[in-house]
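Report on the structure
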Amino acid sequence: YSGKKTITTASESMMNLKVKDFQSLPVVVSENMTVYDAIVQLFLEDVGTLFVVDEHSFLQGVLSRKDLLRTSLGTQELTKIPVHIIMTRMPNIAYCKKSDSLIVAAKKLIERQVDSLPVVNETDKGLEIVGRLTKTNITKAFISLAETHDL
Ligand code: ADP
C-alpha cells in the first residue's frame, strides 16, 4: 500500500483545491504605460496577460497578448498610446479570490473564454491584486490530483 489516497476520494480532493494553493505572481502595469512598453513588459516577465492598475494600485483593466497584437497591426504610434485606451476595463473583468474553490475559478476561465483571472482582495475602495490564476495553474492542479491519488 503506497499510502496514497484511493480513487474514491479524488473528486472530494478536487472540490477542496483552492486558488491560493495554485496561483502565480501577478504582473501589473500602470494605466498610463504606453502600449510599446507593455509589450516589452510582457516579454520581460514572460506572461500572457498584464493587469492594469490606477495610481492607488487598484485593478482597472486587463491586457492580453491579442489586445497588444491587434493594436500593433492597427497603428504605428505604439509609443504614444497609453494602455488604458485598449485594455478591457472594469467592471467587465472576471476575477477570483484566494479562498475560492479552484473548480469555480476554472469554470469562470472557460465561461468567460479568457486565459487568466486576477486574484483580488475586495476592499471598499477597489480591488487589490494579490495574484494571477491561469490555465497553466489549472493544469498543474490537475496533475497534482493525479499524483495524490496514484492515477
Ligand atoms: P488573448 O486575447 O491573447 O487570446 P485572452 O483569451 O485571455 O487572451 O483574452 C481575450 C480578451 O478578453 C482580451 O480582449 C482580454 O483583454 C480580455 N480578458 C482577458 N482576461 C480577462 C478577464 N479576466 N476578465 C475580462 N476580460 C478579460
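To be clear, the structure that these remarks concern was listed above.
Residues numbered from 1 in each chain as written. Predicted model: local features only at pLDDT ≥ 70, side-chain atom pairs only at ≥ 80, totals over all residues. Heavy atoms only, no water.

With that settled, the discussion passes to the layout of surface pockets. Taken as a whole, the largest pocket holds about 430 Å³ of empty space. Around the largest pocket sit 20 residues that line it, and V62, S64, Q113, V114 and D115 are the ones nearest its centre. Counting residues per element, the ones that place at least two in the lining of the largest pocket are β3 (59-64), α3 (65-74) and β5 (116-122). Looking at which element gives the most residues to the lining of the largest pocket, the answer is α3, with five residues. (1 Å grid on protein atoms, 1.4 Å probe; cavity = no way out; pocket = protein on both sides within 12 Å on 5 of 7 lines; lining within 4 Å. Points joined across faces, edges and corners; volume = space filled by probe spheres on them. Helix = DSSP H or I, 4+ residues; strand = E, 2+ residues; numbered from the N terminus.)

On to the site of the ligand, then. What surrounds the ligand is a group of 16 residues, the closest being S64, D67, T88, A94 and D115. Taking S64, its side chain carries an N or O atom lying 2.7 Å from an oxygen atom of the ligand. Between an oxygen atom of the ligand and a main-chain N or O atom of K66, the distance comes to 3.0 Å. In isolation the ligand exposes 540 Å². Once the protein is present, 84% of that is buried. Judged by the proximity of its atoms to the pocket grid, the ligand belongs to the largest pocket. Put simply, the parts of the chain that give the shell around the ligand at least two residues each are β3, α3 and β5. Here the shell around the ligand is built from residues that sort into six nonpolar, five polar and five charged. (Near = heavy atom within 4 Å. Polar contact = N/O pair within 3.5 Å; in protein donor to acceptor, adjacent residues only side chain to side chain. Areas by Shrake-Rupley, 256 points an atom, 1.4 Å probe, with all protein chains shown as cover. Sits in = over half its atoms within 2 Å of the grid points. Nonpolar A, V, L, I, M, F, W, Y, C, P; charged D, E, K, R; others polar.)

In this section: the pairing of β5. Of all seven residues in β5, five are buried; the element is thus mostly enclosed. Judged from the seven bridges that link them, β5 and strand β6 (residues 127-134) form a sheet pairing that is antiparallel. The residue of β6 that forms the bridge with V120 is I129. As consecutive antiparallel partners, β5 and β6 are separated by four residues. (Buried < 20%, exposed > 50% of the residue type's maximum accessible area, 1.4 Å probe, protein only. Pairing = 2+ DSSP bridges.)

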